Amino acid sequence: MSNRYQTLITALLLAIISVWAYFYQFETTGLLDRFDFHYPVIWQEPWRLVTAHFMHLSQPHVLANVIAFVFITWLFVRFFSVRTYLNALLVITVTTSVLVWLSGFEERFVGLSAVNHGVLAMGLLLEWFDHEQPRSGQLVIAAAAILVLKLVVELLGWWQNTLVTTTDKVWLLHSAGTLSGILAWWLHQRRLAKLAS
């Protein structure tokens, strides 16, 4: 089986786990409270750096995020093996959580949207710097411009995310995800791709 199919299957499995976790939280008391991002205990319970991203608050929240997650992975799947993909996700989830913690964000958060922003940013950079199969640079520039514009609009409060109602700082989460995606791209190019091969 090719790397593309293996990576897509990995993304689908992670999406299924995220959907399962959403429904399972109603059967297990306190599941969300044990795996979300919670500022005061993040270093005593470091699994939250990763698990918070795979938990969700509502059905529209989880469905929108997992569909976007699989779609974005599909767009850039040719750049990954399963190992480099999981490395990238680990870098994006942990770095996003650390950046959010460093910002002093004391609210709780869950959801894949920050990871989606990170994978998108990473994929756009991989696409832009791909010299073996160059694609339309204008399309990459347009997509990157839309991503930056979306973050600015969220920062200014002109667009409220109706899927997540627990914070008005969604821009912070998405910006941290985007910056984490840039770091994941840099590591992928410099280190992780070499280690994985």
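Visitor: Would you take a moment to explain a nonpolar patch on the surface for this structure?
Guide: A surface patch of nonpolar side chains, amounting to about 670 Å² of accessible area, comprises Met1, Tyr5, Ile9, Leu12, Leu13 and Ile16. Among the structural elements, methionine 1 can be located in the segment before helix 1 (3-24).

Visitor: Would you mind showing me how to read the pattern of salt bridges here?
Guide: Pairing is possible between side chains that carry opposite charge, provided their charged atoms lie close to one another. Under the definition given, this model contains 4 salt bridges. For arginine 48, the salt bridge identified is with glutamate 45, shortest N-O distance 2.6 Å. For arginine 48, a relative accessible area of 4% puts it in the buried group. Here glutamate 127 ties to arginine 78 by a salt bridge, and the two come within 2.7 Å at their closest N and O atoms. Placement of the pair is glutamate 127 in helix 6 (residues 113-128) and arginine 78 in the loop between helix 4 (59-76) and helix 5 (82-102), with a sequence separation of 49 residues. Each member of the pair, glutamate 127 as well as arginine 78, carries the same accessibility label: buried. One network of salt bridges, with partners in common, ties together Asp36, Glu45, Arg48 and Arg108.

Visitor: Hey, could you run me through the environment of leucine 86 in this one?
Guide: Along the polypeptide, leucine 86 turns up in helix 5. In the structure, leucine 86 is positioned 76 residues away from threonine 10 in sequence and 8.6 Å away in space, judged by C-alpha atoms. Here leucine 86 is in contact with Thr10 and Leu14, once residues within four sequence places are set aside.

Visitor: Explanation requested: the nonpolar core in the structure shown.
Guide: Proteins that are soluble and globular tend to have nonpolar side chains buried together. Ranked by internal contacts, the top residues of the largest apolar core, which has 27 residues, are Phe69, Phe80, Tyr85, Leu89, Val115 and Met122. Every element with two or more residues in this core is listed here: helix 1, helix 4, helix 5, helix 6 and helix 8 (170-196). Here the element with the most residues in this core is helix 4; it accounts for 6 residues. Apart from the residues lying within four places of it in its own chain, the contact partners of valine 115 are His53, Phe69, Leu89, Ile92 and Thr93.

Visitor: Is there a simple way to explain the environment of leucine 112 in this structure?
Guide: For leucine 112, the position within the fold is in the loop between helix 5 and helix 6. By relative accessible area, leucine 112 is classed as buried at 0%. Spatially, the C-alpha atom of leucine 112 lies 8.0 Å from that of histidine 56, the residues being 56 residues apart in sequence. Apart from residues lying up to four places away in sequence, leucine 112 is in contact with Ser18, His53, Phe54, His56, Asn65, Val66 and Phe69.

Visitor: Got a minute to help me understand the packing of aromatic side chains in this structure?
Guide: Two aromatic rings are characterised by how far apart their centres lie and by the angle between their planes. A complete count under the given rule lists 12 aromatic pairs for this structure. A ring pair is formed by phenylalanine 37 and phenylalanine 109, whose centres lie 4.8 Å apart and whose planes are at 25 degrees; its orientation type is stacked. In this pair, phenylalanine 37 is assigned in the loop between helix 2 (31-35) and helix 3 (48-51) and phenylalanine 109 in the loop between helix 5 and helix 6, connecting sequence segments 72 residues apart. Note on accessibility: phenylalanine 37 and phenylalanine 109 belong to one class, buried. Where phenylalanine 80 meets tyrosine 85, the ring centres are 5.5 Å apart and the plane angle is 70 degrees; that geometry is what we call edge-to-face. On the basis of relative accessible area, phenylalanine 80 is assigned to the buried category, the value being 6%. The class of tyrosine 85 is buried, set by a relative accessible area of 1%. Through a chain of ring-to-ring contacts, the aromatic side chains of Tyr22, Phe23 and Phe26 assemble into a single cluster.

What counts, and at which threshold
- Residues numbered from 1 in each chain as written.
- Predicted model: local features only at pLDDT ≥ 70, side-chain atom pairs only at ≥ 80, totals over all residues.
- Heavy atoms only, no water.
- Patch = residues over 30% accessible without salt bridge, like charges linked within 9 Å, V, L, I, M, F, W, Y side chains within 5 Å.
- Areas by Shrake-Rupley, 256 points an atom, 1.4 Å probe, with all protein chains shown as cover.
- Salt bridge = Lys/Arg side-chain N within 4 Å of Asp/Glu carboxyl O.
- Helix = DSSP H or I, 4+ residues; strand = E, 2+ residues; numbered from the N terminus.
- Buried < 20%, exposed > 50% of the residue type's maximum accessible area, 1.4 Å probe, protein only.
- Contact = heavy atoms within 4.5 Å.
- Core = buried A, V, L, I, M, F, W, Y, C linked by side-chain atoms within 4.5 Å.
- Phe/Tyr/Trp six-rings, centres within 6.5 Å; stacked < 30°, edge-to-face > 60°.

On their own, these measurements won't tell you what the molecule is for.
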